[in-house]
Amino acid sequence: MITSTGNNLAVNGGPKMAENKDIHDGGCMCGAVRYRIQGPFSYSAHCHCRSCQRAVGAGFVTYTAVPSDRLEIRKGEMAIYNSSSGVRRGYCRDCGTSLLYAAEGWDDPAIMTATLDDPSVATPSSNAYTADKLTWVMLDPALKEYRHFP
Ligand SMILES: [Zn+2]
Ligand SMILES: [Zn+2]
């Protein structure tokens, strides 16, 4: 369950995570915010939209999503920026690391895959919003491709 209070995002409770099964920790660069997700993941994908490019300052962003009751903030709290209507982007107030994308009406908040302690646990299966893809970004032809929203 994700609750938003003012500028902070807190993820509380939810069903107890199963012991040790498919559990992955991650966090920001400075360590002030730590989270845990439990698989199986809803999806993992690259997003090439302009909003993601600018939010993270990179050519594209790789996401891994889980149902909200399998995401737990274990240390600190995320600051929230509403990048567009109904969209909340979570980041560390101290070091600025982008951590989370959550959209109203979606039950699957997505963490930035590269903030996992072991990002290799998630394998992206698609590229989204390739209409905005930068010319110097090369796509893996084996992945599904969506011009806009999948
Ligand atoms: Zn930080
Ligand atoms: Zn995007």
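Residues numbered from 1 in each chain as written. Chains lettered and ligands numbered in written order. Predicted model: local features only at pLDDT ≥ 70, side-chain atom pairs only at ≥ 80, totals over all residues.

Attention shifts here to the overall build of the protein. Counting its secondary structure elements, the protein contains one helix and 13 strands. Helices (α) and strands (β) of the protein occur, in sequence order from the N terminus, as β-β-β-β-β-α-β-β-β-β-β-β-β-β. Expressed as a percentage of the 150 residues in the protein, the buried residues total 32%. Considering only intrachain contacts with a sequence separation of at least 6, the fraction spanning at least 24 residues in the protein is 57%. (Helix = DSSP H or I, 4+ residues; strand = E, 2+ residues; numbered from the N terminus. Buried ≥ 20, exposed ≤ 12 C-beta atoms within 10 Å, placed from the backbone. Contact = placed C-beta atoms within 7 Å.)

Among the nonpolar cores identified, the biggest contains 28 residues, and V33, C47, Y63, M78, L99, L100 and I111 are the most heavily contacted of them. Elements with a minimum of two residues in this core: β4 (34-38), β5 (43-47), β6 (61-65), β7 (71-75), β10 (98-103) and β11 (110-112). The dominant element in this core, judged by the number of residues it contributes, is β10, at four residues. L100 has contacts with M78, R89, G90, P109, A110 and I111, leaving out every residue within four places of it along the chain. (Core = buried A, V, L, I, M, F, W, Y, C linked by C-beta atoms within 7 Å.)

What follows concerns the pairing of β6. Among the five residues in β6, five count as buried, and that is most of the element. Along β6, one buried face is formed by V61, Y63 and A65 and the opposite face, lined by T62 and T64, is buried too. Looking at chain direction, β5 and β6 are connected through five bridges and run antiparallel. Paired with H46 across the strands is T62, a residue of β6. Bridge count for β6 against β11 is three bridges, and the pairing is antiparallel. Considered in β11, the bridge of Y63 is made with M112. (Pairing = 2+ DSSP bridges.)

The strand order across the open sheet formed by three strands is β3-β4-β7, and the pairing between neighbours is antiparallel. The sheet is open, and its two edges are formed by β3 (23-27) and β7, each paired on a single side. Here the strands of the sheet are splayed against their neighbours by 25 degrees on average, with no regard to which way each runs. (Axes fitted to C-alpha atoms, helices over the stretch in contact; angles between N-to-C directions.)

Below, the discussion takes up unusual backbone geometry. The omega torsion across G39 and P40 is 5 degrees, close enough to zero to call that bond cis. Within the element layout of this structure, P40 appears in the loop between β4 and β5.

With that out of the way, let us pick up the environment of L71. The residue L71 is located in strand β7 in this model. Between the C-alpha atoms of L71 and D108, which are 37 residues apart in sequence, the distance is 9.2 Å.

Along the polypeptide, L134 turns up in the loop between β12 (126-128) and β13 (144-145). For L134, a count of 11 C-beta atoms within 10 Å corresponds to the exposed category. Considering only alpha carbons, one finds L134 and G59, 75 residues apart in sequence, at a separation of 6.7 Å.

Before going further, it helps to spend a moment on the confidence of the model for the protein. When pLDDT is averaged along the protein, the result is 90; 87% of the residues meet or exceed 70. Note on residues 3-8: pLDDT under 50 across the span, and 11 contacts to partners over four residues away in sequence or across chains. (pLDDT = per-residue confidence, 0-100.)

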